2 protein chains.
Amino acid sequence: MMKTSKPARRPTMPPSKNSVTSNDVARLAEVSQSAVSRTFTPGASVSPETRERVMEAARKLGYRPNAIARTLSTRLSRMIAVVVSDLQNQFYPVVIERLSKQLQSNGYHVLLFITDTEDADELLVELMRYQVDGIVMASTQLSSGLAQQIAEARVPVVMFNRVSRAGSISTVSSDNHGGARAVAHYLADTGHRRVAYLAGAEDSSTNSDRERGLIDGLAERGLRIAARANGNYNFERAAQATLEMFTHGLESDRPDALFVASDHMAFAAIDTLRGALGLRVPEDVSVVGFDNVPQADWGAYRLTTVEQDVDSMIDATVRMLLQQLENDVVTRDHVTVATRLVVRGSARLPQPGTDGPQANRSPTKASRGEGAAASATAPATGDTQGPAPARRKSSR
Amino acid sequence: MMKTSKPARRPTMPPSKNSVTSNDVARLAEVSQSAVSRTFTPGASVSPETRERVMEAARKLGYRPNAIARTLSTRLSRMIAVVVSDLQNQFYPVVIERLSKQLQSNGYHVLLFITDTEDADELLVELMRYQVDGIVMASTQLSSGLAQQIAEARVPVVMFNRVSRAGSISTVSSDNHGGARAVAHYLADTGHRRVAYLAGAEDSSTNSDRERGLIDGLAERGLRIAARANGNYNFERAAQATLEMFTHGLESDRPDALFVASDHMAFAAIDTLRGALGLRVPEDVSVVGFDNVPQADWGAYRLTTVEQDVDSMIDATVRMLLQQLENDVVTRDHVTVATRLVVRGSARLPQPGTDGPQANRSPTKASRGEGAAASATAPATGDTQGPAPARRKSSR
DNA sequence: CTGAAAGCGCTAACAC
DNA sequence: GTGTTAGCGCTTTCAG
């Protein structure tokens, strides 16, 4: 393997990547460089003739404005940094896909950063060097120090799917507490008495809100969590944790329901329950997830889960970002998107005649599409959110 | 030092995002701007003292070199464009994750483009404006016209997981033909006689190579494809196609095996087979996929499939890119990565005593990780690839 | 090894 | 409307 060792830069400029410049166009069109700039600037005032000449010259030369140069002079890159960590969890690819498309259709570009570890700070600093116009954090928390730095740099940031402890940054998240609470009610109302919880990363706001929601919801039915283990939002760990949670102890103590902090972990839990533990789902134990990723609808799992309304979340995110960008201000808003319980087959269904939430029963129905997708909503469980799809709480 | 007598910044410049410039640092350190530039340029020659003073001044001011300005003057952005289309298919999130990390650790940044439709051309042009140093296409084909344009702009491109018709662009792909051929052999050797094929997008090289491989492999066993349908690499379409393929016709004509062009479609096929059609997998019909995405190992599917060696593919991709970037040349290489058959439970296993390929049977084994991953390779099926993990065929 | 000066390609006042 | 003229922040000759 050889290394680059020579700063061999000739007087001759290296054959430039995009050699044709606005200057070239200006000369061909016999106008000033400004005229060229203006015809390529949406709001500018150019006479139709000038524009025409410029366009033609540009076409002839195959001219494309250099976005980097423009960035240098306008300080606007039209690039948004998107930071994510866990693409294994299907929730995030879906998010990235929609977010990118939305941003693209608004004329922005996505600079993607994947980060496992907590080196997010270093990464963000690196990222700031690219003059991104905004940042969407869908991974880690920002250290408050860095959040500060970024705020000073006046770069809009929105935390996606986590609420910042500091509270000084805009956030978009689901009603995690309400969703989990609805699960608690649903499980209690369908006759479950020993509800276990398989937690996500302990330091994440999503996990603590979901756990809190479960606890509160159960309490409202006179119950409490029967068992708890941590799967750290990780597939293997979730499988392991499930195994441990269900092996020790008497059979009579065995949880009759398991609420899992993410679908991704729920699949691992179900596999373990059915495979290593030889239990039936939902006959022996009901499983409920969170997210409603595409796989939740797969025939072999038919996972009852809490849907995060990705579209609304993305819309809110983009809206918040654009609003800040357009007005050149940094605001701190918090949007909470309503969730809904999607009832499929992985949790025991309400008994006919019971006073539980109504649900269209589709036990093993394998047809997909509308039929299966039209799962029951559970608004009756007393969630706190109003009828509006998204609730906005602006501060400042 | 006082400020120089420059006509101090004109009217209201918007409060800059990263106000501290190399000039500020230079003044504080009482050196020239060049000195600052040099201390932040890896190969440059600066005396230790100068460097030290600069570093300290930089630290004091919180200086971070502006990557955009640097790009403008060096014409090197250290950004790589990555173009993908289908994040639903788990294969791509995995690719993106590894690719991004690799690129990041080599000091590059990823500009991500998601594109459904065939507007790839327009997109690419747009993308070129950002002066990306290279492009990884993991979605559509490039129109030959555009490929030409890009080549002229001297931007290295590598097509990931597709071979370009034009042949004028570097490509990295799996041995799709060999993998599919191995499947044909495996199915024939485990007693299947009516093998159906569920195709991916008709215009994709992956699909045609896989189909060809299946046909060739079956022919070598005196068989031919018994039925064929198109799922277009799409989940719903695959479910639909499976339904159609298995409903009409006599039961005796029903395929006893289904080779699916991607795991993603295979899950849909299995769901349909089991659900709507009430068939057992693999007792009534064996299913084999392609890709070996994480979900293939899930307990409810245990999909026998052809593994694409993502790591090797990514390594090759990054290597090809870097090599071109470092030497400032555009080459046209083709790397083909070997595949292997991963035997799980979705296809009937070889009968003990049969002369088929050996396979460690792990029918319902729920433990994951090494145990399950150490599935059987099928080198005995006469694949064309050598023992090396990746085969390189350089042209030009 | 160091500094001065001239750009990289584009935009943004400021006259005209 | 249009051209002129300064830069945006950094790198890179070219002298010293």
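Residue numbers restart at each chain and count upward from 1, following the sequence in its written direction. Key to labels: chains lettered from A, ligands numbered from 1, both in the order written. Two thresholds apply to this predicted model, a pLDDT of at least 70 for residue-level local features and 80 or more for giving and counting side-chain atom pairs, whereas whole-chain, interface and lining totals are computed over all residues. In computing side-chain properties, one takes all heavy atoms of the structure into account and sets aside hydrogens as well as water.

Caption draft 1: Local environment of the confidence of the model for chain A. Per-residue confidence from the predictor is reported as pLDDT, a score between 0 and 100. Within chain A, residue pLDDT values average 84, and 81% of them lie at 70 or more. Residue contacts are counted whenever heavy atoms from the two residues lie within 4.5 Å of one another. Between residues 356-389 of chain A, whose pLDDT stays under 50, and residues either more than four places distant or in other chains, the model counts 58 contacts.

Caption draft 2: Summary view of the domain arrangement of chain A. Residue and element names in this part refer to chain A. Delimitation of the domains relies on an automatic or database domain assignment. Examined at the domain level, chain A breaks down into domain 1 (74-174 + 311-337) and domain 2 (176-308 + 339-395). Listed by partner, the interface residues are 22 residues for domain 1 and 20 residues for domain 2. Once two parts are joined, some of their accessible surface, as seen by a 1.4 Å probe, is lost; buried area is that loss totalled over both. Between domain 1 and domain 2, a total of about 1800 Å² is buried, with carbon and sulfur atoms accounting for 43% of that surface. The rule for a salt bridge is simple: a side-chain nitrogen of Lys or Arg has to be within 4 Å of a carboxyl oxygen of Asp or Glu. Taken together, the connections running from domain 1 to domain 2 amount to zero salt bridges. Polar contacts, as counted here, are pairs of nitrogen or oxygen atoms within 3.5 Å of one another; within protein the pair requires one atom able to donate a hydrogen and one able to accept it, and residues that are adjacent in sequence qualify only if both atoms are side-chain atoms. Viewed at the interface, domain 2 and domain 1 are joined by three residue pairs in polar contact (both at pLDDT 80 or more). Looking at the side of domain 1 that touches domain 2, the elements with two or more residues in it are helix 5 (91-105), strand 5 (170-174), helix 12 (310-327) and strand 11 (332-337). Labels follow the DSSP assignment, with helices taken as runs of H or I lasting at least four residues and strands as runs of E lasting at least two, numbered in each case from the N terminus. It is strand 11 that contributes the most residues to the side of domain 1 that touches domain 2, six residues altogether. Any residue outside Ala, Val, Leu, Ile, Met, Phe, Trp, Tyr, Cys, Pro, Asp, Glu, Lys and Arg is labelled polar, Gly included; the first ten of those are nonpolar and the last four are charged. Its residues placed into classes, the side of domain 1 that touches domain 2 shows seven nonpolar, ten polar and five charged.

Caption draft 3: Looking closely at the sheet that holds strand 9 (residues 286-291) of chain A. Residue and element names in this part refer to chain A. Strand pairing requires that DSSP identify at least two bridges connecting the strands. Taking strand neighbours across the sheet as the criterion, the six strands line up as 7-6-8-9-10-12 in an open arrangement whose pairing is mixed. Two strands in the sheet have a free side with no partner beyond their single neighbour: strand 7 (227-230) and strand 12 (339-342). For this sheet, the mean angle separating the axes of adjacent strands, direction not counted, is 15°. Two strands pair when backbone bridges link them, and strand 10 (residues 304-308) and strand 12 are joined in this way by four bridges, in the antiparallel orientation. The residue of strand 12 that forms the bridge with glutamate 307 is arginine 340. Here an angle of 0 to 180 degrees is reported between the N-to-C directions of two axes, which are lines fitted to C-alpha atoms, with helices fitted over the stretch in contact.

Caption draft 4: Focus on the relation of the copies chain A and chain B. A least-squares superposition brings the copies together, and it is based on the C-alpha atoms of residues with pLDDT no lower than 70 in both. Overlaying chain A on chain B yields an RMSD of 0.1 Å, the required transformation being a rotation through 180° with an accompanying axial translation of 0.0 Å. The transformation just described matches what one would write down for a two-fold rotation axis. The position closest to the rotation axis in chain A is occupied by the C-alpha of leucine 111 of chain A, lying 2.3 Å away. A shared binding surface is used by both copies, with 96% of the interface residues of chain A retained as interface residues in chain B.

Caption draft 5: Geometry of the interface of chain A and chain B. With 68 residues of chain A at the interface, the matching set in chain B holds 67 residues. Roughly 6200 Å² of surface becomes buried between chain A and chain B when both sides are summed, with 60% attributable to carbon and sulfur atoms. Where chain A touches chain B, the interface holds zero salt bridges. Here chain A is connected to chain B by 17 residue pairs in polar contact (both at pLDDT 80 or more). Every element with two or more residues in the side of chain A that touches chain B is listed here: helix 4 (67-74), helix 5, strand 2 (109-114), helix 6 (120-128), helix 10 (235-247) and helix 11 (263-274) of chain A. Across the side of chain A that touches chain B, the residue classes tally to 35 nonpolar, 17 polar and 16 charged. Alignment of strand 2 of chain A against strand 2 (residues 109-114) of chain B, held across three bridges, turns out to be antiparallel. By the bridge assignment, leucine 112 of chain A is partnered in strand 2 of chain B with valine 110 of chain B.

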